[in-house]
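Residue-level structure breakdown
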Amino acid sequence: MVQRLEGRVAVVTGGGSGIGLATVRRFGSEGAKVVVADLDPASGKAAADEAGGLFVQVDVTDEEQVKALFQTTVDTYGKLDIAFNNAGISPPDDDSILTTGIEAWERVQKVNLTSVYLCCKYAIPHMQANGKGSIINTASFVATMGAATSQISYTASKGGVLAMSRELGVQFAREGIRVNALSPGPVNTPLLRELFAKDPERAARRLVHVPLGRFAEPEEIAAAVAFLASDDSSFMTASNFLVDGGIAGAYVTPL
Ligand SMILES: NC(=O)c1ccc[n+]([C@@H]2O[C@H](COP(=O)([O-])OP(=O)(O)OC[C@H]3O[C@@H](n4cnc5c(N)ncnc54)[C@H](O)[C@@H]3O)[C@@H](O)[C@H]2O)c1
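The name given to the chain in an unreviewed UniProt entry is NAD(P)-dependent dehydrogenase, short-chain alcohol dehydrogenase family, with Lentzea albidocapillata as the source organism. As stated in UniProt under Sequence similarities (unreviewed entry), the record for the chain gives "Belongs to the short-chain dehydrogenases/reductases (SDR) family."

The following block contains the structure:
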């Protein structure tokens, strides 16, 4: 594996599972020191141990805990180079606007959008002190495209992540801090597999829109994150990096 992240210090929120876990492994294998931040201590600690990094139990919606996460990172490893703000939820009670209650709406906004605001707010000053940095915020292809299978708060939260990342990328560009949104297409995670195994029609309805004809593997998304984290993407900021199997570019897909 190339060592593009040798000597870099990275924080990954939601690093215990899915895209976050694959990224912790990828960052570790490219030479980074990785801090895994997750609500779940068992999976978060296992991920950190595997990458030879540090686990910090954090609820990313809690301002004091997020502030402490980045301070602990700098206290432990001396600086902060990379923040992958990735923790997010997509609960079943977030559905059509007609049936989604205010409680579900607010919970999803807090975990998916307010958390990214907090992580950027407390990561950026450390990057300013370091004279550089790369922030990657996980949005989604639904920030760019509409779905008739609505998850209204999730979609709105990811639109917010996309707009916030663009603005921060512009604001801090001349301080050497790059901020990009990562927009994955549907990823083959345990939750998705379970859902679609029970309901093949539900899977087919989505797969027909993917030109590549399959969902992404978490490792394919992690490879994109590592690119955005590394100097290989040194001229990219304020962008929406779609890793979506071609969904956003498609009208009619191959048979
Ligand atoms: N899986 C997909 O198809 C897909 C597609 C596009 C975007 N995304 C986005 O990618 C990100 C990761 O998704 P995933 O599928 O890997 O999810 P996942 O459920 O596998 O992992 C999410 C992790 O975040 C942690 N987490 C949840 N709430 C938290 C909180 N309040 N504080 C700290 N940690 C918390 C969980 O414990 C878990 O380890 C999310 O932002 C999601 O919206 C996922």
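So, about the site of the ligand. In the vicinity of the ligand lie 24 residues, with Ser17, Ile19, Asp38, Tyr154 and Val187 positioned nearest. For the ligand, an oxygen atom lies 2.6 Å from a polar atom in the side chain of serine 17. At 3.0 Å from a nitrogen atom of the ligand is found a main-chain nitrogen or oxygen belonging to valine 60. Relative to its unbound accessible area of 840 Å², the ligand is 84% covered by the protein chains. Of all the secondary-structure elements, those providing two or more residues to the shell around the ligand are helix H1 (18-29) and helix H5 (152-171). Among the residues making up the shell around the ligand, the classes are represented as eleven nonpolar, ten polar and three charged.

Taken as a whole and assessed by the stated rule, the structure comprises zero disulfides. Lacking any disulfide linkage, cysteine 119 is separated from the closest cysteine sulfur, that of cysteine 120, by 7.0 Å. The exposure class assigned to cysteine 120 is buried, which follows from its relative accessible area of 2%.

What follows concerns the sheet that holds strand E6 (residues 177-184). Taken together, seven strands build an open sheet; the order of strands is E3-E2-E1-E4-E5-E6-E7 and the sheet is parallel. The open sheet has two edge strands, strand E3 (54-57) and strand E7 (240-243), and neither has a second partner. Pairwise comparison of adjacent strand axes, ignoring direction, gives a mean angle of 20° for this sheet. The sheet contacts of helix H2 (residues 41-50) involve strand E2 (33-38) and E3, and relative to E3 the element is tilted by about 160°. Contacting strand E5 (133-138), E6 and E7, H5 crosses the sheet at an angle of about 155° to E6.

With that out of the way, let us pick up the pairing of E5. Extensive coverage of E5 is indicated by the burial of six of its six residues. Residues Gly133, Ile135 and Asn137 of E5 are buried on one face, and the alternating residues Ser134, Ile136 and Thr138, pointing to the opposite face, are buried as well. Taken together, the four bridges between strand E4 (residues 82-85) and E5 define a ladder with parallel strand orientation. Bridged to asparagine 85 within E5 is asparagine 137. Crossover handedness for the path E4 to helix H4 (residues 102-130) to E5: right-handed. Two strands pair when backbone bridges link them, and E5 and E6 are joined in this way by six bridges, in the parallel orientation. Paired with isoleucine 136 across the two strands is asparagine 180, which belongs to E6. As a crossover connection, the stretch from E5 through H5 into E6 is right-handed.

With that settled, consider unusual backbone geometry. One non-glycine residue with positive phi stands out, namely alanine 238, at about 60°. Residue position: alanine 238 is located in the loop between helix H8 (218-229) and E7. Owing to a relative accessible area of 23%, alanine 238 belongs among the partly exposed residues under this scheme.

Now for the side chain of threonine 73. Position of threonine 73 relative to the elements: it lies in helix H3 (residues 63-77). Exposure remark for threonine 73: the relative accessible area of 0% places this residue in the buried category. A polar contact of 2.8 Å, which involves the side chain of threonine 73, links it to the backbone oxygen of leucine 69. Those residues in contact with threonine 73 that lie beyond four places of it in its chain are Val9, Val11, Val35, Gly78, Lys79 and Leu80.

Quick notes on the rules
Residues numbered from 1 in each chain as written. Predicted model: local features only at pLDDT ≥ 70, side-chain atom pairs only at ≥ 80, totals over all residues. Heavy atoms only, no water. UniProt positions renumbered as here; feature names shortened; annotations may be inferred. Near = heavy atom within 4 Å. Polar contact = N/O pair within 3.5 Å; in protein donor to acceptor, adjacent residues only side chain to side chain. Areas by Shrake-Rupley, 256 points an atom, 1.4 Å probe, with all protein chains shown as cover. Helix = DSSP H or I, 4+ residues; strand = E, 2+ residues; numbered from the N terminus. Nonpolar A, V, L, I, M, F, W, Y, C, P; charged D, E, K, R; others polar. Disulfide = S-S within 2.5 Å. Buried < 20%, exposed > 50% of the residue type's maximum accessible area, 1.4 Å probe, protein only. Pairing = 2+ DSSP bridges. Axes fitted to C-alpha atoms, helices over the stretch in contact; angles between N-to-C directions. Contact = heavy atoms within 4.5 Å. Right-handed = clockwise from strand over helix to strand, strands pointing away.

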